[in-house]
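Structural overview
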Amino acid sequence: MIAVTNQKGGVGKTTTTVNLGAYLAKAGQKVLIIDLDPQGNASSGLGIDKNNLEKTLYDVLVDSAPLAEVTHATHYKNLSIVPSSAILAAAEVELTQADHRESRLKAALQDAPFDLIFIDCPPSLGLLTINGLVAAQRLLIPVQAEYYALEGLGQLLATVGRVKQALNPQLNLIGVVLTMHTARTSLSQAVAAEVEQHFPRQVFTTVIPRNIRLAEAPSHAKAIVDYDRFSKGARAYKALAKEVLARVSQT
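This is a predicted model, so every value here is computed, not measured.

1. Examining the nonpolar core
- Membership of the largest hydrophobic core comes to 47 residues, with the highest contact counts inside it found for Ile-34, Leu-57, Leu-105, Leu-109, Ile-119 and Val-195.
- Broken down by element, the residue count for this core peaks at 6 residues, all from helix H7 (residues 127-135).
- With near-sequence residues (within four places) excluded, Val-195 lies in contact with Val-143, Leu-150, Val-176, Leu-178 and Val-203.
- Among the nonpolar cores identified, the runner-up in size contains 36 residues, and Ala-42, Leu-46, Ala-217 and Ile-224 belong to it.

2. Observations concerning the sheet that holds strand S4 (residues 79-82)
- Strand order in the open sheet made by the 7 strands is S3-S4-S2-S5-S1-S6-S7, with mixed pairing throughout. The two strands at the open ends of the sheet, each matched to only one other strand, are strand S3 (72-73) and strand S7 (172-179).
- As paired strands, strand S6 (residues 138-144) and S7 are joined by 7 bridges and run parallel to one another. When the sheet's bridge partners are listed, Gln-144 is paired in S7 with Thr-179.

3. Observations regarding the environment of Ser-219
- Relative to the elements of secondary structure, Ser-219 occurs in the loop between helix H10 (212-216) and helix H11 (224-227).
- Along the sequence, Ser-219 and Gly-45 sit 174 residues apart, while their C-alpha atoms lie 6.8 Å from each other.
- A distance of 2.6 Å separates the side chain of Ser-219 from the backbone oxygen of Glu-216, its partner in a polar contact.

4. Brief notes about unusual backbone geometry
- The backbone of Met-180 shows a phi angle near 55°, a positive value even though the residue is not glycine.
- For Met-180, a relative accessible area of 23% gives the class partly exposed.

5. Examining the packing of H7 against helix H8 (residues 153-166)
- Where H7 meets H8, the closest approach of the two axes is 10 Å, and the angle between their N-to-C directions is 55°. The orientation of H7 with respect to H8, classified from their angle, is oblique. Crossing hand, H7 versus H8: right-handed. Between H7 and H8, the contacting residues are Ile-130, Leu-133 and Val-134 on the first element and Thr-159, Val-160 and Val-163 on the second.

6. Focus: the packing of helix H1 (residues 13-26) against helix H12 (residues 232-250)
- Relative to each other, H1 and H12 sit at 75°, their axes nearing to 9 Å. Our classification of the angle between H1 and H12 gives roughly perpendicular. Contacts between H1 and H12 involve Thr-15, Thr-16, Asn-19, Leu-20, Tyr-23 and Leu-24 from the first element and Ala-234, Tyr-237, Lys-238, Leu-240, Ala-241, Val-244 and Leu-245 from the second.
- Here the residues of the contact of H1 with H12 are counted per class, giving 9 nonpolar, 3 polar and 1 charged.

7. Section: the pairing of S6
- Among the 7 residues of S6, 7 are classified as buried, and the element is accordingly described as predominantly covered.
- Side chains Arg-138, Leu-140, Pro-142 and Gln-144 of S6 all project onto a buried face; the interleaved residues Leu-139, Ile-141 and Val-143 project onto the opposite face, where all are buried too.
- Following the backbone out of S6, through H8 and into the adjacent parallel S7, one traces a crossover that is right-handed.

8. Quick word on the pattern of salt bridges
- Scanning the entire structure with this criterion turns up 6 salt bridges.
- Close ionic contact of Lys-8 with Glu-146 constitutes a salt bridge, the shortest N to O distance being 3.1 Å. Residue Lys-8 is located in the loop between strand S1 (2-4) and H1, and its partner Glu-146 is located in the loop between S6 and H8; the two are separated by 138 residues in the primary sequence.
- Note that Glu-243 is salt-bridged to Arg-247, the shortest N-O span being 4.0 Å. You can see Glu-243 and its partner Arg-247 sitting in helix H12, 4 residues apart, about one turn around the helix. For the pair Glu-243 and Arg-247, one class covers both residues: buried.
- Overlapping salt bridges, with partners in common, bring together Arg-213, Glu-216 and Asp-228 in one network.

Reading the values: the criteria
Residues numbered from 1 in each chain as written. Predicted model: local features only at pLDDT ≥ 70, side-chain atom pairs only at ≥ 80, totals over all residues. Heavy atoms only, no water. Core = buried A, V, L, I, M, F, W, Y, C linked by side-chain atoms within 4.5 Å. Buried < 20%, exposed > 50% of the residue type's maximum accessible area, 1.4 Å probe, protein only. Helix = DSSP H or I, 4+ residues; strand = E, 2+ residues; numbered from the N terminus. Contact = heavy atoms within 4.5 Å. Pairing = 2+ DSSP bridges. Polar contact = N/O pair within 3.5 Å; in protein donor to acceptor, adjacent residues only side chain to side chain. Axes fitted to C-alpha atoms, helices over the stretch in contact; angles between N-to-C directions. Parallel < 35°, antiparallel > 145°, perpendicular 65-115°, else oblique. Left-handed = near helix turned anticlockwise from the far one by under 90°. Nonpolar A, V, L, I, M, F, W, Y, C, P; charged D, E, K, R; others polar. Right-handed = clockwise from strand over helix to strand, strands pointing away. Salt bridge = Lys/Arg side-chain N within 4 Å of Asp/Glu carboxyl O.

Right, dumping it as structure tokens:
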């Protein structure tokens, strides 16, 4: 189980989750995506109609609905998703007084029949993200190659440290991936060097470029492997999927 998280918005969490999921499913892994973000972008990006769902992740977290009742197949073989919608935001409030409020997702994912589970966390450090961190075994952090890239990462790592100490001692960083990178600019190169300095030997070799085809794919409810598999973005996520699988296999 891999939580994809960064409390900074717009860094490519959902793009990374969806495209890694699609490539790894294509490679034969049985993959589940948990859409833990009330915006539901991973759900719509994989063709799920958020306005026409009987049950969502909200029902799992708040009412303990069985995961199987809420899991949807996608148009990719081996890739399933537990979708969310705007109502999930209410779970943040409703779980405040609930028993085992931090571990509801972990309980729901017990014995889930998948090789890999990606948890697309919201851009915050609230109770939903805490549930993602408690459920996960590994943490993947997308970092945008821009001036304020490392701002807030200290707060994220402090939260991860507290979760690891109190609730989930097996949570470890699988890696940091640079996103929206423009190789020609000195700023992107400087940010890459700074991230490498903060996370020695933990930054993935693959860098995700700023790529218009990646930005267009979700509006067609497709992962990049389907939308334009020859684009720079597609080649990058295919390479990243191989790196992630190799690191998972080592642990």
